[in-house]
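# Coordinate analysis (summary)
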Amino acid sequence: MSKKGRVFSGARPTGRQHLGNYLGAMQNYVALQQDYDCIYCIVDLHALTTLETTQELTQNTYEMALDWLAVGIRPEESIMFVQSHVPQVTELHTILSMVTPLGKLTDLPTFKEKARQQPQNINYGLVGYPVLMTADIVLYKAGLVPVGVDQAPHLEFAREVVRSFNYRYQTNVLIEPAMKATEVPKVIGIDGVNKMSKSLDNHIELASTPEETRQRVMMMVTDPQRQRRSDPGRPEVCNVFSLHKVFSSPEEVAEIDRDCRNAGIGCVDCKKKLAANLNAHLEPFRTKRSALNENPDAVWDILHEGARRARTIAEETMVEVRAAIGLPK
Ligand code: SF4
């Protein structure tokens, strides 16, 4: 069956993935394979704009690849690779940077935010980050990019860069990518306040052991108004309940909803149920991950084979791009 088009998505090598990554992106990556030719890239060059040290870059790339494979990315079907293994992306980045006004880059809210976060390291790569991101997408002529609504301005930026290039060189070799709007649920961390993130240490890793997972779940902040076991709770403000809605059966969710409100269940028992359901849900993932981890060379082979396939597409695009510009052969 022919598929509906090509999708590209990239993520920084952040190592072992957590529930926020899983519910926000990885599940969607797996589902998209059904209908689209998917290209999934671990964007290690992007990571250099903010990393203080590269000591863990290779290991983090490997761990993330393991998680992607274990969750259900099918490398025989989708292309999964590491960004720096396809050098054409840096060539296209340079070329696209010539049609990108500097003011547009420095006006982007993401740049301002990053500059605020690391005032001691406002490097050139940080400014040009959206141009590299555009190069990632258009190099593979991806028609669709799955993004949450909050990332829509980035994609609009990429479309503008493509239009500038095509206009400047009177060509149509680059394709304006369209947004494949996806509902990205905001997964709150165990602190009950902030978005789940490794840097805040409020995350639950997919590859943790069942006991580690249980411990993290037991640390979760619940309804702050529920001080005593006899106080009625409000599941709608409780992050434990949000995760029950994802990982527990509808019957169990209805039961917890009712019992929480009439203080029929305590938070400790409620969390124990969540931990059990979460561990049951993640068990097949963990089994597959452990099996893959027995042979790291095979995981790297998958990434290298993905890069080989990606380079073939990338070089075809670059031949057209160089010709459109009139670069000497
Ligand atoms: Fe949250 Fe469950 Fe406690 Fe209710 S019983 S406040 S849903 S942890």
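Let me sum up the structure you'll find in this document. (Residues numbered from 1 in each chain as written. Predicted model: local features only at pLDDT ≥ 70, side-chain atom pairs only at ≥ 80, totals over all residues. Heavy atoms only, no water.)

## What about the site of the ligand?
Operational definition: Near residues are defined by distance, with any heavy atom within 4 Å of the molecule or strand qualifying the residue. Runs of H or I in DSSP of at least four residues are treated as helices and runs of E of at least two as strands, each being numbered from the N terminus. Each residue gets one of three labels, nonpolar for Ala, Val, Leu, Ile, Met, Phe, Trp, Tyr, Cys and Pro, charged for Asp, Glu, Lys and Arg, and polar for the others, Gly among them.
All residues adjacent to the ligand are Thr-222, Asp-223, Arg-226, Cys-238, Val-240, Phe-241, Cys-260, Ile-265, Cys-267 and Cys-270. At the level of elements, α10 (239-247) and α12 (267-293) are the ones that each hand at least two residues to the shell around the ligand. Considered class by class, the residues forming the shell around the ligand number seven nonpolar, one polar and two charged.

## Remarks on the pattern of salt bridges
For the record, the criterion: Should a side-chain nitrogen of Lys or Arg be within 4 Å of a carboxyl oxygen of Asp or Glu, the pair is scored as a salt bridge.
Applying the stated rule across the entire model yields 23 salt bridges. Salt-bridge contacts for Arg-322 lead to Glu-91; the nearest nitrogen and oxygen are separated by 2.8 Å. Taken together, the residues span a long stretch of sequence, with Arg-322 in helix α13 (residues 296-325) and Glu-91 in helix α4 (residues 88-97) at a distance of 231 residues. Glu-176 is the salt-bridge partner of Arg-159, the closest N and O atoms lying 3.3 Å from each other. Pair noted here: Arg-159 is in helix α8 (residues 152-168) and Glu-176 is in the loop between α8 and β5 (178-181), with a separation of 17 residues, a long-range link. The network of salt bridges with common partners includes Glu-156, Arg-159, Arg-163 and Glu-176.

## Section: the pairing of β5
Inclusion rule: The pairing criterion for strands is at least two bridges between them, as found by DSSP. Crossover handedness is defined by viewing with both strands directed away from the observer: a clockwise path from the first strand over the helix to the second marks the crossover as right-handed.
Sheet topology places strand β4 (residues 144-147) next to β5; four bridges connect them, and they run parallel. Bridge pairing links Pro-146 to Lys-180 in β5. For the crossover from β4 across α8 to β5, the handedness is right-handed.

## Considering the layout of surface pockets
What counts here: The method works on a 1 Å grid over the protein atoms by themselves. A cavity is a set of points holding a 1.4 Å probe that cannot get out, a pocket is an open set with protein on both sides within 12 Å along at least five of seven lines, and residues with an atom within 4 Å of a point line them. Grid points are joined across faces, edges and corners, and a volume is the space filled by probe spheres set on the points. What marks off one domain from the next here is an automatic or database domain assignment.
Taken as a whole, the second largest pocket spans an internal volume of roughly 230 Å³. Residue lining of the second largest pocket: 16 residues in total, with Lys-186, Ile-188, Cys-238, Asn-239 and Ser-242 positioned closest to the centre. At four residues, the largest contribution of residues to the lining of the second largest pocket is made by α10. Split by residue class, the lining of the second largest pocket holds ten nonpolar, four polar and two charged. Viewed by domain, the lining of the second largest pocket spans two of them, domain 1 (6-187 + 295-325) and domain 2 (210-290), each represented by three or more residues.

## Concerning empty space enclosed by the protein
Vacant regions in the atomic arrangement are exposed by a probe of water-molecule size rolled over the atoms. What the rule picks out here adds up to one cavity of 30 Å³ or more. Contributing to the lining of the largest cavity are 15 residues, with Arg-226, Cys-238, Cys-260, Cys-267 and Cys-270 lying nearest its centre. If you list the elements that add at least two residues to the lining of the largest cavity, you get α10, α11 (250-261) and α12. Among the residues making up the lining of the largest cavity, the classes are represented as nine nonpolar, three polar and three charged.

## As for unusual backbone geometry
Convention followed: Only protein chains enter the calculation, and the probe is 1.4 Å; a residue is then buried if its accessible area is under 20% of its type maximum, exposed if over 50%, and partly exposed in between.
For Asp-201, which is not glycine, the phi dihedral falls at a positive 50 degrees. One non-glycine residue, Ala-263, lies in the positive phi region at around 60 degrees. Structurally, the position occupied by Ala-263 is in the loop between α11 and α12. The exposure class assigned to Ala-263 is buried, which follows from its relative accessible area of 16%.

## Observations regarding the packing of aromatic side chains
To keep it simple, the criterion reads: Note on aromatic pairs: the rings of Phe, Tyr and Trp (six-membered ring only in Trp) are paired at centre separations within 6.5 Å, and the planes decide the class, stacked below 30 degrees, edge-to-face beyond 60, tilted for the rest.
Summed over the entire model, instances satisfying the criterion amount to seven aromatic pairs. With a centroid separation of 4.2 Å and 10 degrees between ring planes, the pair formed by Tyr-29 and Tyr-40 is classed as stacked. Residue Tyr-29 is located in helix α1 (residues 19-32), and its partner Tyr-40 is located in strand β2 (residues 37-42); the two are separated by eleven residues in the primary sequence. Like Tyr-29, the residue Tyr-40 is buried in the burial classification. Considering the side-chain rings of Tyr-40 and Trp-68, the 6.4 Å spacing of their centres and the 70 degrees angle between planes classify their relative orientation as edge-to-face. With Tyr-40 in strand β2 and Trp-68 in helix α3 (residues 57-71), this pair connects stretches of sequence that are 28 residues apart.

## Comments concerning the nonpolar core
We apply this condition: Here, nonpolar core means buried Ala, Val, Leu, Ile, Met, Phe, Trp, Tyr and Cys residues that are tied together by side-chain atoms lying within 4.5 Å of each other. In this analysis, two residues are considered to be in contact whenever any of their non-hydrogen atoms come within 4.5 Å of each other.
Of all hydrophobic cores here, the largest spans 48 residues; its most connected members are Leu-19, Tyr-22 and Trp-68. Contributing elements (two or more residues each) for this core: α1, β2, α3, β3 (79-82), α10, α11, α12 and α13. The greatest single-element share of this core, amounting to eight residues, is contributed by α3. When residues are assigned to domains, this core turns out to be shared by domain 1 (6-187 + 295-325) and domain 2 (210-290), each giving three or more. Those residues in contact with Trp-68 that sit more than four places away from it in its chain are Ala-11, Gln-17, Met-26, Tyr-29, Tyr-40, Cys-41, Ile-42, Ile-73 and Met-80. In terms of nonpolar packing, the next biggest core, distinct from the first, is built from 41 residues, Val-89, Leu-105, Val-173 and Ala-307 among them.

## Remarks on helix α9 (residues 210-218)
For the record, the criterion: The directions from the helix axis to the C-beta atoms are what the arc is built from.
Those residues of α9 lying buried are Thr-213, Arg-216 and Val-217. One side of α9 holds all its buried residues, which, seen down the axis, span an arc of 100 degrees. Looking at the buried residues of α9, the elements they touch are α12.

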